[in-house]
Amino acid sequence: MTERAMGSVRVNRYSIVSTEEDGHKVSALGSMNGHSHNGKGHAPRRKHRNRFVKKNGQCNVYFANLSNKSQRYMADIFTTCVDTRWRYMLMIFSAAFLVSWLFFGFLFWCIAFFHGDLNAPAVAGSPSLLKPCIMHVNSFLGAFLFSVETQTTIGYGFRCVTEECPLAIMAVVVQSIVGCVIDSFMIGTIMAKMARPKKRAQTLLFSHHAVISVRDGKLCLMWRVGNLRRSHIVEAHVRAQLIKPYMTEEGEYLPLDQRDLNVGYDVGLDRIFLVSPIIIVHEIDEESPLYGIGKEELETENFEIVVILEGMVEATAMTTQARSSYLASEILWGHRFEPVVFEEKNHYKVDYSRFHKTYEVAGTPCCSARELQESKMTILPSPPPPSAFCYENELALVSQDEDEDDDEVGVVLGGNTKEEGGIIQMMDFGSHLDLERLQATLPLDTISYRRESAI
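Remember, predicted model here, so these are calculated numbers, not experimental data.

1. Observations concerning the overall build of the protein chain
Summing up its helical and strand segments, the protein chain has twelve helices and 13 strands in all. Counting across all 455 residues of the protein chain, residues that qualify as buried make up 38%. For the protein chain, the accessible surface area stands at approximately 27200 Å², while carbon and sulfur atoms represent 58% of it.

Written out as structure tokens, the structure reads:
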């Protein structure tokens, strides 16, 4: 039993799998203590800071006083069209064809006009003495219709160019080439605009709040990410940066100084398998910008943490990026995220109604990681509250083994009931002190069990 419990310890710190009953207990505990949060009811901090990156991932930056902005944008017209809004793109798409039709229609009308086709008398029953450049083009409207038929290759067979005017033949060739260029450019732009993975970021979710609590004996900053689609994000990896004003030793003021937050680059923990929601962990150590910040300092700090999730879309193999940010007022000290992944009979269930919810953890130190290190304090685990399932898991493990032993004893006794076998099995402990001594020797484990009867 002890080996089975010790062998179930998870190595990956991002793995959070619990039973649904455990999640209900955590939620009920937070509600009774008044510590459950749904991501909306926290009191604002004293300081207010404009976001550098909005919650939806848009950068809150506006450019002003750009020289030659129009020329620079027109030099990269393809990227400009891809980045523009759909309504403007459709306007450009329609205008490009209309302008080309009108231009070549006017050109054909001018050719017919100077050739005298528009003034040629129409004599019924006798052929005209003047052979026109373009058959059946007697007005600008007719020239426009011929231009549309030529560029779209409709070919009704009523209007056509003749060998009378080489200039008209050359205009038809040029219009055909221009039409192919416009078609390829517009179709390529629309396809690139439709296939780009910008909207894929709408189905990548970040928790409303980040939390700071103790994990593996160290203070850690944590936030949760999730993927709402069943299609995967290939080669997904996360990054985080802390942005705050900074004054250099020479007196230079940097309004947006960016510092990296290590989320496991050195050991590869920044690369994640985003099938179910995962908690991203930044360990607050000597290299962390949060090393000297405690709970009281956090309430007055003026910084922003930008979190970035990047990866390739499985369907198109194009790189997508989802962004969000957390102000200092959106970081909850001494909280943990409620479990969202529950193991059922044949599969794992993700409950996204708990994605943003947190609960307060008793015994979290309020001092900074620097003070903990300087004082050489050891964070000892507090007595397990009802929200911690380690002790209950051990009892469930003992009870499961006892049930198995009861069945064996019942078979040996050949007629005794399970209750009688259980009494005989309990007598083997000798006393209640022996039972407590046995439980004290069992290591506490954070594993969870599938069934409600096991808790």
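Resuming the write-up.
2. Quick notes on unusual backbone geometry
Although it is not a glycine, N65 adopts a positive phi angle of roughly 60°. Along the chain, N65 turns up in the loop between helix 2 (20-33) and helix 3 (69-75). With relative accessibility at 81%, the residue N65 sits in the exposed group.

3. Considerations on helix 7 (residues 166-195)
With 30 residues, helix 7 ought to run about 44 Å at 1.5 Å a step, and its terminal C-alpha atoms sit 43 Å apart, in line with that. Looking only at helix 7, the buried set comprises A168, A171, V172, Q175, G179, I182, M186, T189, I190 and K193. Where helix 7 is buried, its residues touch helix 4 (77-83), helix 5 (86-115) and helix 6 (140-152).

4. Some details on the state of the cysteines
For the structure on display, the rule yields one disulfide. Two residues share a disulfide in this structure: C133 and C165, whose sulfurs sit 1.5 Å from each other. Pair noted here: C133 is in the loop between helix 5 and helix 6 and C165 is in the loop between helix 6 and helix 7, with a separation of 32 residues, a long-range link. The class for C165 is buried, based on a relative accessible area of 7%. Not part of a disulfide, C366 finds its nearest cysteine sulfur in C367, a span of 7.7 Å. A relative accessible area of 47% places C366 in the partly exposed class.

5. Here's the deal with the pattern of salt bridges
Applying the stated criterion across every chain, the model contains twelve salt bridges. Taking the shortest distance from any N to any O, the salt bridge between K244 and E301 comes out at 3.3 Å. Of this pair, K244 sits in strand 4 (residues 233-247) while E301 sits in the loop between helix 8 (295-300) and strand 7 (304-313), and the two are 57 residues apart along the sequence. Residue class for E301 comes out partly exposed when judged on its relative accessible area of 22%. E344 is the salt-bridge partner of K349, the closest N and O atoms lying 3.5 Å from each other. What makes K349 partly exposed here is its relative accessible area of 27%.

6. Comments concerning the pairing of strand 6 (residues 278-283)
The buried fraction of strand 6 is high, at five of six residues. Strand direction decides the pairing type here: strand 3 (residues 218-227) and strand 6, joined by six bridges, are antiparallel. Residue pairing for strand 6: V225 is matched across the bridge by I278.

7. Overview of helix 5
The end-to-end C-alpha distance of helix 5, which contains 30 residues, comes to 44 Å, matching closely the 44 Å that a straight helix rising 1.5 Å per residue would cover. When we look at burial in helix 5, the residues that qualify are M89, A96, F97, S100, W101, F104, G105, F108, C110, I111 and A112. Where the residues of helix 5 are buried, they touch helix 4, helix 6 and helix 7. Positive backbone phi, approximately 90°, marks G116, located one or two places after helix 5.

8. Examining the side chain of T320
With respect to the helices, strands and loops of the structure, T320 is situated in strand 8 (residues 319-327). A relative accessible area of 2% means that T320 is categorised as buried.

Conventions adopted
Throughout, residues of each chain are indexed from 1 in the direction in which the sequence is written. For this predicted model, a pLDDT threshold of at least 70 governs which residues receive local features, and a threshold of 80 or more governs which side-chain atom pairs are given and counted, while totals over whole chains, interfaces and linings are taken from all residues. Excluding hydrogens and water, the side-chain figures rest on all heavy atoms present in the structure. Put simply, DSSP marks the helices as runs of H or I at least four residues long and the strands as runs of E at least two long, and each gets a number from the N terminus on. Exposure categories follow from relative accessible area, calculated using a 1.4 Å probe and restricted to protein chains: below 20% of the type maximum is buried, above 50% is exposed, and the middle band is partly exposed. Note that accessible areas follow from Shrake-Rupley with a 1.4 Å probe, and for residues the cover is restricted to the protein chains shown. Any helix carries an expected span of 1.5 Å times its number of residues minus one. Residues count as neighbours in contact if any of their non-hydrogen atoms are within 4.5 Å of one another. Note on disulfides: each one is a pair of cysteine sulfur atoms within 2.5 Å. We define a salt bridge as a contact between a side-chain nitrogen of Lys or Arg and a carboxyl oxygen of Asp or Glu at a distance within 4 Å. Only strands that DSSP links by at least two bridges are regarded as paired with each other.

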